[in-house]
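So the chains spell out like this:
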Amino acid sequence: MNKDLIIVGSGLGGLSAALRMASKGYKVTVLEKYHKAGGRLNQFSEEGFTFDLGPSFMSMTYEFDQFFKDCGIKNPLKMKSLDPLYKVNFRGSNKFFNISKDLDKLSSEFEGIEKNFKEKAEKYLFKAGQFFHDTENIVVKQNYDNLIDYFMKISRVPFKHLPYLNKKLWNLLDETFDSMEVKVIFSLVAFFLGSTPFKTPSIYSLLNYTEFKHNGYWLVEGGMYTIVREIIKELNKYDVRIIYNTEIVKVNKDSGKVTSVVDSSGKEWIAENFIINADAASFRGQVLNREKFSDDKLDKMEWSLAPLTIYLGISGKIKNLYHHNYFLGNNFPEYAKNIFSSSSIPSKPYYYVNMSSYTDPLCAPADCENLFILCPVPDLRFKSDWSDKEIIAGDIISDLSERIGFDLNKNTVVKKILTPFDWGSMFGLYKGSGLGLSHKMMQVGGFRPKNRDELYSNLFYVGASTTPGTGLPMVLISSKLVTERILNEH
Ligand SMILES: Cc1cc2nc3c(=O)[nH]c(=O)nc-3n(C[C@H](O)[C@H](O)[C@H](O)COP(=O)(O)OP(=O)(O)OC[C@H]3O[C@@H](n4cnc5c(N)ncnc54)[C@H](O)[C@@H]3O)c2cc1C
């Protein structure tokens, strides 16, 4: 068969689509604007420290087994389940809550804080499990041809879940638990969607089910970038070319079909089919010049929070940090409601810290640690000037030093800061938004930018910006959905 396929972007979406199609006999070329494959799932090394740039864990690992199986190989990734899942510290307290999948252990963590915790959590997670299982196959793993098709498919979701579409996650947690600590900790899943529980529909409590009851959280041995390396190894067997430093800025078309894509140097790339792994909304606006996706229209849509990320190579061993740690304040509702649209960052922000040297000593030199700090911040629509990045990072590093009792400033060997501006320009993320369009009900399913182009029959989209949505397992599902479409139609 050997049909030519060009994929624009080498994020997990682009790479997984490439392997799926190469294993079906397609001749695939991947064009990537950055100098390295992986997109947000990337990595860099400095002075003997290795840092995963973005993703630091994942859930629904069976999607990786399925992906490799679909491509005719056994999953080569060695994955490790995390328990405890993470630790949480609230400002002003020395206590680090160990958040375990074991609800008995978790009950003792919340002793004296939340009465009848286990009973309440079981009831809450049971319902969240129903959301998960009643939507996974019917809604999440589906292609939609149009809105009617979408509504037909969601009409098969049991009617009893309907009230939860309008209710916010925070309201559901507020009805379930009494203590602020438990509510805030359970609401952290909204953060994985780049949002807050005050904006996130309560149906996403299904993410609490995935963390506590279903598959939990996992690491990949050797670091998250091993995923990219292993896929590239397989792509090499099919002679898939990945061409770096190549940004697609234009599309040529004829008779309802794309004939070629053009890079910023003017070079034309011809194929029979094209899959775009760049952001499906802004590509339609900025490259295809579609009015519906113009910057004005995109600016009015709801975007997920942007990342401010800090990478620290530290000399010395740190005792009070685990693999995943959340450092939170005591004014969560007020903080979360303002963080989206504020043009300045509070001097005491909420942030996440990943120390992968805790589980993988090879990613830091002997007697050293590598720290990745992620602070969700407003996107470039609200804060476009990041000349204060050193001050903001300095506040976070000092706050963290105090809370873990370790002077990070004094022991820093490597330091790198990426602002939303950097993330935006490295990977084409619209206005630096870390997870793209938010997952509110009017931006998911049939309302999310489609994986098939509206005008050109051989142009498709893959990745977190199209259906079903964000996160590594969802991106693998996205590549399954789009490649099924192509294989069925072409
Ligand atoms: C800070 C951070 C932490 C995260 N943590 C987690 C986590 O712990 N677990 C998890 O499951 N998910 C996490 N995510 C989300 C996860 O990274 C994404 O959902 C996933 O990596 C998206 O993959 P993708 O292929 O859709 O897009 P991308 O990774 O963005 O890939 C798109 C690729 O297209 C390229 N591109 C864009 N425009 C063009 C163009 N015009 N021409 C050529 N190439 C182009 C980009 O350079 C990029 O390489 C995190 C995201 C961020 C930002």
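Relevant structure appears above.
Residues numbered from 1 in each chain as written. Predicted model: local features only at pLDDT ≥ 70, side-chain atom pairs only at ≥ 80, totals over all residues.

Caption draft 1: Structural detail: the environment of G72. Relative to the assigned elements, G72 resides in the loop between helix 2 (62-70) and strand 5 (79-81). Residues G72 and K24 lie 48 residues apart in sequence; the distance between their C-alpha atoms is 9.8 Å. (Helix = DSSP H or I, 4+ residues; strand = E, 2+ residues; numbered from the N terminus.)

Caption draft 2: Representation of the sheet that holds strand 13 (residues 273-276) in the model. The strand order across the open sheet built from five strands is 9-2-1-13-19, with neighbouring strands paired in parallel fashion. A strand with exactly one partner marks an edge of an open sheet, and here the two such strands are strand 9 (241-243) and strand 19 (459-461). Averaged over neighbouring strand pairs, the angle between their axes works out to 20 degrees when direction is ignored. Alignment of strand 1 (residues 4-8) against strand 2 (residues 27-31), held across five bridges, turns out to be parallel. Directly across from V8, in strand 2, lies its bridge partner L31. The strands touched by helix 1 (residues 12-22) within the sheet are strand 1, strand 2 and strand 13, with strand 2 carrying the most contacts at an inclination of about 170 degrees. (Pairing = 2+ DSSP bridges. Axes fitted to C-alpha atoms, helices over the stretch in contact; angles between N-to-C directions. Contact = placed C-beta atoms within 7 Å.)

Caption draft 3: Representation of helix 7 (residues 169-176) in the model. Among all positions in helix 7, only L169, W170, L172 and L173 are buried. Across the axial projection of helix 7, the buried residues extend over an arc of 160 degrees, all falling on one side. Each element contacted by the buried residues of helix 7 is listed here: helix 8 (180-187) and helix 9 (189-192). (Buried ≥ 20, exposed ≤ 12 C-beta atoms within 10 Å, placed from the backbone. Arc of directions from axis to C-beta.)

Caption draft 4: Just the sheet that holds strand 7 (residues 96-99), in detail. With respect to topology, seven strands assemble into an open sheet ordered 7-6-15-16-17-14-18, the strand pairing being mixed. In this open sheet, the two edge strands, each paired with only one partner strand, are strand 7 and strand 18 (412-418). Ignoring strand direction, the axes of neighbouring strands in this sheet form an average angle of 20 degrees. As paired strands, strand 6 (residues 86-90) and strand 15 (residues 324-328) are joined by four bridges and run parallel to one another.

Caption draft 5: A look at the site of the ligand. In the vicinity of the ligand, 36 residues are found, and the nearest of them are G9, G11, G13, G39 and G463. If you list the elements that add at least two residues to the shell around the ligand, you get helix 1, strand 14 (306-315) and helix 17 (472-489). If you tally residues by element for the shell around the ligand, the top one is helix 1, at three residues. When the residues that make up the shell around the ligand are grouped by side-chain class, the tally is 17 nonpolar, 15 polar and four charged. (Near = placed C-beta within 6 Å. Nonpolar A, V, L, I, M, F, W, Y, C, P; charged D, E, K, R; others polar.)

Caption draft 6: Local environment of unusual backbone geometry. Along the chain, D83 connects to P84 via a cis peptide bond; the corresponding omega equals 5 degrees. Following the sequence through the fold, P84 ends up in the loop between strand 5 and strand 6. The peptide bond linking T467 to P468 adopts the cis configuration, its omega dihedral lying at 0 degrees. Assignment of secondary structure puts P468 in the loop between strand 19 and helix 17. A positive phi is found at M60, a non-glycine position, where the angle reads about 50 degrees. Relative to the assigned elements, M60 resides in the loop between strand 4 (49-52) and helix 2. Notably, N116 is not glycine yet its phi reads approximately 50 degrees, a positive angle. Turning to its location among the elements, N116 is positioned in the loop between helix 3 (103-109) and helix 4 (117-140). Overall, N116 belongs to the exposed group, with 12 C-beta atoms counted inside 10 Å.

Caption draft 7: Just the environment of R381, in detail. Relative to the assigned elements, R381 resides in the loop between strand 17 (368-377) and helix 15 (389-404). The buried category is assigned to R381, around which 20 C-beta atoms lie within 10 Å. Once the C-alpha coordinates of R381 and W303 are considered, the two residues, 78 residues apart in sequence, prove to be 10.0 Å apart. Once residues within four sequence positions are removed from consideration, R381 is found in contact with D299 and K431.

Caption draft 8: Structural view of helix 17. With 18 residues, helix 17 ought to run about 26 Å at 1.5 Å a step, and its terminal C-alpha atoms sit 26 Å apart, in line with that. By the criterion of burial, helix 17 is predominantly enclosed, with 13 of the 18 residues buried. (Expected span 1.5 Å × (residues − 1).)

Caption draft 9: Molecular detail of the pairing of strand 7. Relative to strand 7, strand 6 is paired through four bridges, and the arrangement is antiparallel. Across the sheet, residue V88 finds its bridge partner in strand 7, namely F97. In sequence, strand 6 turns back onto strand 7 through a hairpin of five residues, with G92 there showing a positive phi of about 90 degrees.

Caption draft 10: Representation of the packing of helix 1 against helix 17 within the structure. One way to put it is that helix 1 packs onto helix 17 with a least axis distance of 9 Å and a crossing angle of 40 degrees. Judged on the interaxial angle alone, helix 17 and helix 1 are oblique. Between helix 1 and helix 17 the crossing geometry is right-handed. Residues L12, G13, S16, A17, R20 and M21 of helix 1 touch helix 17, and the partners they reach there are L472, V475, L476, S478, S479, V482 and T483. Grouping the constituent residues of the contact of helix 1 with helix 17 by class yields seven nonpolar, five polar and one charged. (Parallel < 35°, antiparallel > 145°, perpendicular 65-115°, else oblique. Left-handed = near helix turned anticlockwise from the far one by under 90°.)

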